[in-house]
Structures are given as structure tokens and as C-alpha cells.
Amino acid sequence: MSTKTHQWLATAFIPDCIVESVMENAEKQFDSNMVYESGISSLFNHGASHLFNGGMTPDEKLLARFPEIDPMSLPGDLEITEDLQISDILDLDIRTTAGDSVYAIDMPNGILILQIEENGYVGKLVIVKDSSQVELAVLQTDTGRGRTVTEFCEETGAVLGINGGGFGDEGGEGMGNLPIGLVIQDGKIVNEAVSDGYFQIAGYDYDNNFRVGYGLDTRQLRDAVQFYPVVVLNGEKCTEGTSGLGLQPRTVIGQSADGATLMLVIDGRQVGYSIGATMDDCADILLRYGAYNAMNMDGGSSSSITYMGKMITKVSTRMEGGRYLPNAWVVMPGEPAAE
């Protein structure tokens with residue numbers, strides 16, 4: 001920012017309000033020798049730390065938490081607080097820098113939900129800032145049927161959930177209590193892996209890194225399932241067109257390079273509303289929000305999102321609450337902010 005020709009390196013990636021606050025704070029805290037010796041990264045880290053400790057305005061805190069939001073789209077009369085938690089806000093026309101509409105902002109839980117609308121399909125993308133909050137919920141007892149995503153959220157106390165791995169579904173009438181493929185919950189193998197050349201592993205290690213692929217060391221995974229295909233690997237798209245899977249309702253889970261979890265659900269099989277998406281479509285959506293690794297989950301009539309006890313997507317099944325499932329990815333409540 002002290003140059004005349006390279007300021008864009010900061011302003012292209014960081015909201016102006018953050019840049020201004022960090023620079024103002026830096027001028028107060030550092031003399032020229034300290035700035036020179038510490039370097040840019042140290043300057044930003046020290047400055048940002050101070051700001052998060054109370055020096056930021058509510059707007060700045062919101063944009064620091066969710067830099068995906070376009071600050072120019074924030075309504076002037078929106079009351080922003082540290083406990084801001086609003087949903088179904090498409091009428092406010094808050095948008096991301098990529099142009100998608102914001103459906104929900106949840107500051108306490110670090111969740112941003114976006115409305116995804118493209119030619120032929122509608123869905124939602126959930127961004128969870130702290131991946132340590134994401135866990136795999138599984139059936140605790142076999143009562144002859146699985147649970148809906150909403151039921152998994154209720155049983156675990158989760159604030160949000162999406163469907164996870166596949167299950168035995170002969171004739172489309174499976175009861176969701178027989179998982180297919182590897183299932184690991186809290187480091188324990190709940191269901192054994194299958195080796196058919198298609199199924200790959202997707203899950204979190206103990207450092208909350210989302211890992212995908214064949215032959216992962218399951219001893220390093222805290223929560224995982226098997227499904228296919230991988231749609232993003234090491235920041236690169238791994239799909240082309242439909243990948244032989246057609247236009248369908250989709251569920252994909254992944255993680256961005258900065259460690260945020262990305263949960264994408266696309267509605268489908270509903271003429272006049274949403275037909276469905278290809279694997280290629282899903283990869284493109286995730287990549288524009290920085291996906292590094294991502295894996296397709298069970299889709300079709302299983303695909304759904306529940307937030308705060310309410311399903312916020314439209315399932316393609318006649319079952320009002322969604323299908324019975326053997327497991328679900330759930331987001332637990334965030335830690336209270338330190339005083």
C-alpha cells in the first residue's frame with residue numbers, strides 16, 4: 001500500500017475497509033525499522049490480531065469473517081452485530097464477490113449459505129469457516145430404518161446437516177439403515193470399506209484437513225465415508241461433462257485451501273424448478289469458492305440440507321422430511337466468542 005503501482009496486490013483480494021484499518025493500526029504500532037524487519041505477513045498478522053480484539057467495526061468483522069460477501073451489496077439499514085444470525089434473506093439482495101445471492105449469514109456458527117441458480121438448476125452452497133465443527137453422524141441403534149438429515153441434526157444438536165454416503169436401496173425403497181462402503185466416526189470404523197474400483201474415501205483427518213482418494217490411511221481419519229467420484233483434487237477439476245452420471249440432484253462436500261468446508265446441494269428431477277446438475281457443474285461452483293479437495297456424495301432423492309431444524313432445499317422424493325439415511329455430515333455449534 002506504500003507503493004504507487006502495486007496497491008492492487010492488496011485491494012484485489014482484501015476488502016478496502018480491512019486494508020484501511022490494518023494500515024491505520026500499523027502506523028500506530030510499528031516504527032519503520034520494525035515494519036522492515038517483520039515483513040508484510042507479520043505486519044498483517046499483528047494488525048489483524050489487534051483488530052479482532054475489538055478494534056473493528058461490526059461491518060469490518062462481518063467482512064473479515066466472510067470475505068466472500070461483496071461489501072457494496074450490504075444494505076445500509078442492516079444491523080450487523082457479532083451474534084448476527086439471519087436466513088431466508090434473498091430479498092435483501094446481498095451478494096458475494098462471485099455474484100451469487102446470500103441466503104443466510106450466521107456469525108456465531110461461522111456459516112454462510114449461498115443461493116446457487118444457474119441454467120436448469122437451483123441449489124445451495126454452505127461455507128463453514130471452522131472445519132473442526134464438521135462431524136459425521138451415524139445411526140446409534142438399528143431400528144429398521146435410517147434417519148432423515150433433520151433427525152440426525154436433532155439427535156446430535158447440530159445446527160446444519162447434509163446427507164452423506166450411500167446405502168442399500170433396492171428398487172428405490174431402501175430404509176437407509178444399511179450403509180455401503182467405509183464409514184468412520186470419531187476414529188472408529190462403523191462399516192467396512194468396499195473395493196470395486198469406483199468408491200473412494202472422503203473425510204477429515206485429526207487436523208481437520210479434508211482428504212480424498214483411494215488408499216488413504218484410515219488410521220489418520222476421524223470421520224469419513226466412501227463414495228465417488230472425486231470432483232476436485234489439489235485445486236484442479238477432476239471431472240468432465242456429466243462423467244457418465246447425467247443431470248441429477250447432487251450433494252458434494254469439500255474444503256477450500258484456507259480450511260473452510262464447502263457443502264453443495266443441488267435440487268433436481270423437478271421440471272420447471274430444477275432439473276439437476278452435472279459433476280462438471282458442481283466442480284465449477286466449488287472452484288469459484290476456492291475448493292482444494294471435494295468429493296461427490298450420494299445424490300438423487302437423498303440430497304438435502306437442514307439448517308436450524310428446517311429443510312432448506314427441495315428433495316425429489318415424496319417423503320416430506322426427506323429420505324432415511326445411514327449417516328449425515330453435520331455442523332456442530334461454534335464456540336462462543338472470547339470476551
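The following paragraphs examine the structure supplied in this document. (Residues numbered from 1 in each chain as written. Predicted model: local features only at pLDDT ≥ 70, side-chain atom pairs only at ≥ 80, totals over all residues. Heavy atoms only, no water.)

**What to know about the overall build of the protein chain**
From N to C terminus, the protein chain includes 6 helices and 19 strands. Taken across its 339 residues, the protein chain has 50% of its residues classed as buried. In the protein chain, of all internal contacts separated by at least 6 residues, the share reaching a separation of at least 24 is 64%. For the protein chain, the accessible surface area stands at approximately 16,400 Å², while carbon and sulfur atoms represent 48% of it. (Helix = DSSP H or I, 4+ residues; strand = E, 2+ residues; numbered from the N terminus. Buried < 20%, exposed > 50% of the residue type's maximum accessible area, 1.4 Å probe, protein only. Contact = heavy atoms within 4.5 Å. Areas by Shrake-Rupley, 256 points an atom, 1.4 Å probe, with all protein chains shown as cover.)

**Overview of the nonpolar core**
In a soluble, globular protein the nonpolar side chains are often hidden away together inside. Membership of the largest hydrophobic core comes to 39 residues, with the highest contact counts inside it found for I69, I105, L125, L264 and L286. Among the elements that take part in this core, helix α6 (residues 279-287) stands out by supplying 5 residues, more than any other. The residues touching I105, leaving out its near neighbours within four places in the chain, are L62, F66, I69, L84, Q85, I86, I89, I94, I111 and L112. If you look at the next biggest cluster of nonpolar residues, it comprises 31 residues, including I113, I162, F227 and V331. (Core = buried A, V, L, I, M, F, W, Y, C linked by side-chain atoms within 4.5 Å.)

**Structural notes on the sheet that holds strand β19 (residues 327-331)**
If you walk across this open sheet you meet the 5 strands as β5-β19-β6-β17-β18, and the pairing is antiparallel. Two strands bound the open sheet, and with one partner strand each, they are β5 (134-138) and β18 (310-311). Note that strand β6 (residues 160-163) and strand β17 (residues 305-307) share 3 bridges and pair antiparallel. Bridging across to β17, I162 finds its partner in I305. In the packing of helix α5 (residues 149-156) onto the sheet, contacts are made with β5, β6, β17 and β19, and the angle to β6 comes to roughly 140 degrees. (Pairing = 2+ DSSP bridges. Axes fitted to C-alpha atoms, helices over the stretch in contact; angles between N-to-C directions.)

**So, unusual backbone geometry**
A negative phi angle is the norm for most residues apart from glycine, just as the trans form is the norm for most peptide bonds. For the bond from Y228 to P229, the omega torsion is -10 degrees, close enough to zero to count as cis. Tracing the backbone shows P229 in the loop between β11 (221-227) and β12 (230-233). One non-glycine residue with positive phi stands out, namely D88, at about 55 degrees. Residue position: D88 is located in the loop between β1 (85-87) and β2 (101-106). Of note, M308 is a non-glycine position whose phi angle comes to about 50 degrees, a positive value. The exposure class of M308 is partly exposed, given its relative accessible area of 41%.

**Brief notes about the pairing of strand β10 (residues 210-213)**
Note: strand β9 (residues 200-205) against β10, 4 bridges, orientation antiparallel. The residue bridging Y204 from the neighbouring strand is F210, located in β10. Turn length for the β9-β10 hairpin, with the two strands adjacent in sequence and antiparallel, is 4 residues, and the turn residue N208 shows positive phi of about 70 degrees.

Such coordinate-based values are descriptive only and should not be taken to indicate function.
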